[in-house]
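This is what each chain is made of:
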Amino acid sequence: MYSVLFVSLGPGDPELITVKGLKALQNADCIFCPETVNKKSLTSPGTSHAAAILHQLEINTKCIIRFAVPMSRQRDKAMAAYDSLFAEIEKLHADGKKICVAAEGDAGFYASIHYVYERLQKEGIPVEHIAGVPSFIAAGARAGIHLVSGTETLTILPGTATADEVARHIEREEAVVIMKLSKCAQNMHELIRLHPEYDYHYFENVGTANDVYLDRPDLILSRAFPYFSMLIARRPENADMKEVIHTFS
C-alpha cells in the first residue's frame, strides 16, 4: 500500500517547492488541498492559495480535490471538515490510490492539517511528510537579511503574542518571528510604538505576486494586517549607537 504523502508547497512561489514534493504531486492520483470558505456565500467557491500553486505547477487539474476549511476561532466546523477529509482519504487509500495532501509552507509548521496526519497514523495508515520552505525563511531571503548568525537564538511566536512577550525575547538578544499578525495586530502596534529602536521587517503574502515588504515602522503601522502576514523583530546590530528617527503619536 502507498503512503499518504503530506506535501509541503512552500510559501507561495511555485519554484520554491522541493523536487521531491513536485514528483509526488506529479505521480498522485488524488491531491487534496484546502480552501477558505466564502463567508458571503457558502455556495460560491472559496479561496485556495494551495490550489493556485498547484495550477502554476501545471499539476493535472483532474487530480485536485479541494476541501473547505471554515476560518473561525470556533474550531468545531474545521474539525468536522478534517473528519470528512480523513474518511475520504481512508476510503481512497483502501482502493489503492496514490494520495497527496498539499499544505502551504511546511506541512509540519503551524499547519492544522496535522490533525488528519496524526489520525491516519493512529489508524495504521502509512503517512509521510515531505518537507518544504516555511514562510519565515522565504521572508528573510525576500528582505536580504540573516535571521540569525553565530550563537543567536530565533524565537517563533503565534498570533497570541503580546508586546511585552516579544520585547522580553528581543532584550535577550533573540530575533523574533511573529506569525498570523491579524490575530495580534493591536499588540504589535503597541510593540512598535513602545520600541521604535528595534529593527522591524514586515511581510504580507510572501512568495507570491502580491507580496509586501516594509521595514519602516511608520509604514508598518499604517497597514491592516491580513491573515498571511508576519513580522520579524530584533535589536539592531548597532543598538547602542542607533538614533530613533521616527516618532509616533
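Per an unreviewed UniProt entry, the protein carries the name Cobalt-precorrin-2 C(20)-methyltransferase and comes from Bacteroides zoogleoformans. The record in UniProt for the protein states the following under Sequence similarities (unreviewed entry): "Belongs to the precorrin methyltransferase family." A UniProt comment under Subunit (unreviewed entry) is attached to the protein, and it reads "Homodimer."

K.L.:
Would you mind showing me how to read the overall build of the protein here?
P.N.:
Each helix and strand counted, the protein has eight helices and ten strands in total. Scaling as 2.2 N^0.38, a compact globule of 249 residues should have a C-alpha radius of gyration of about 18 Å, and the protein matches this with 20 Å. The C-alpha extent of the protein, read off along each of the three principal axes, is 65 × 40 × 35 Å. Burial statistics for the protein: of 249 residues in total, 43% are counted as buried.

K.L.:
Mind showing me how you'd approach the packing of aromatic side chains here?
P.N.:
Think of a pair of aromatic rings as described by two things: how far the centres are apart, and how the planes are tilted against each other in angle. Per the stated rule, a full pass over the model turns up nine aromatic pairs. With centroids separated by 6.3 Å and ring planes inclined at 55°, the aromatic side chains of tyrosine 198 and tyrosine 200 adopt a geometry described as tilted. In terms of burial, tyrosine 198 and tyrosine 200 fall into one category: buried. Chaining the aromatic ring pairs together yields one cluster made of Phe67, Tyr82 and Tyr115.

K.L.:
How should the side chain of arginine 234 be read in this particular structure?
P.N.:
Its location among the elements puts arginine 234 in strand S10 (residues 229-234). Taking relative accessible area as the criterion, arginine 234 reaches 13% and is therefore assigned buried. Of the polar contacts made by the side chain of arginine 234, one reaches the backbone oxygen of histidine 146; its length is 2.8 Å. A distance of 3.0 Å separates polar atoms of two side chains, one belonging to arginine 234 and the other to glutamate 152.

K.L.:
Hey, could you run me through helix H6 (residues 163-171) in this one?
P.N.:
Each full turn of the α-helix corresponds to 3.6 residues, which orients residues three or four apart in the same direction. Residues Ala163, Val166, Ala167, His169 and Ile170 constitute the buried set of H6. Down the axis of H6, the buried set is contained in an arc of 160°. They therefore lie on one face. Next to the buried residues of H6 lie strand S6 (153-157), strand S7 (174-179), helix H7 (185-194) and S10. Looking one or two residues beyond H6, the residue adopting positive phi is glutamate 173, at roughly 65°.

How each quantity is defined
Residues numbered from 1 in each chain as written. Predicted model: local features only at pLDDT ≥ 70, side-chain atom pairs only at ≥ 80, totals over all residues. Heavy atoms only, no water. UniProt positions renumbered as here; feature names shortened; annotations may be inferred. Helix = DSSP H or I, 4+ residues; strand = E, 2+ residues; numbered from the N terminus. Rg over C-alpha atoms; globule rule 2.2 N^0.38 Å. Buried < 20%, exposed > 50% of the residue type's maximum accessible area, 1.4 Å probe, protein only. Phe/Tyr/Trp six-rings, centres within 6.5 Å; stacked < 30°, edge-to-face > 60°. Polar contact = N/O pair within 3.5 Å; in protein donor to acceptor, adjacent residues only side chain to side chain. Arc of directions from axis to C-beta. Contact = heavy atoms within 4.5 Å.

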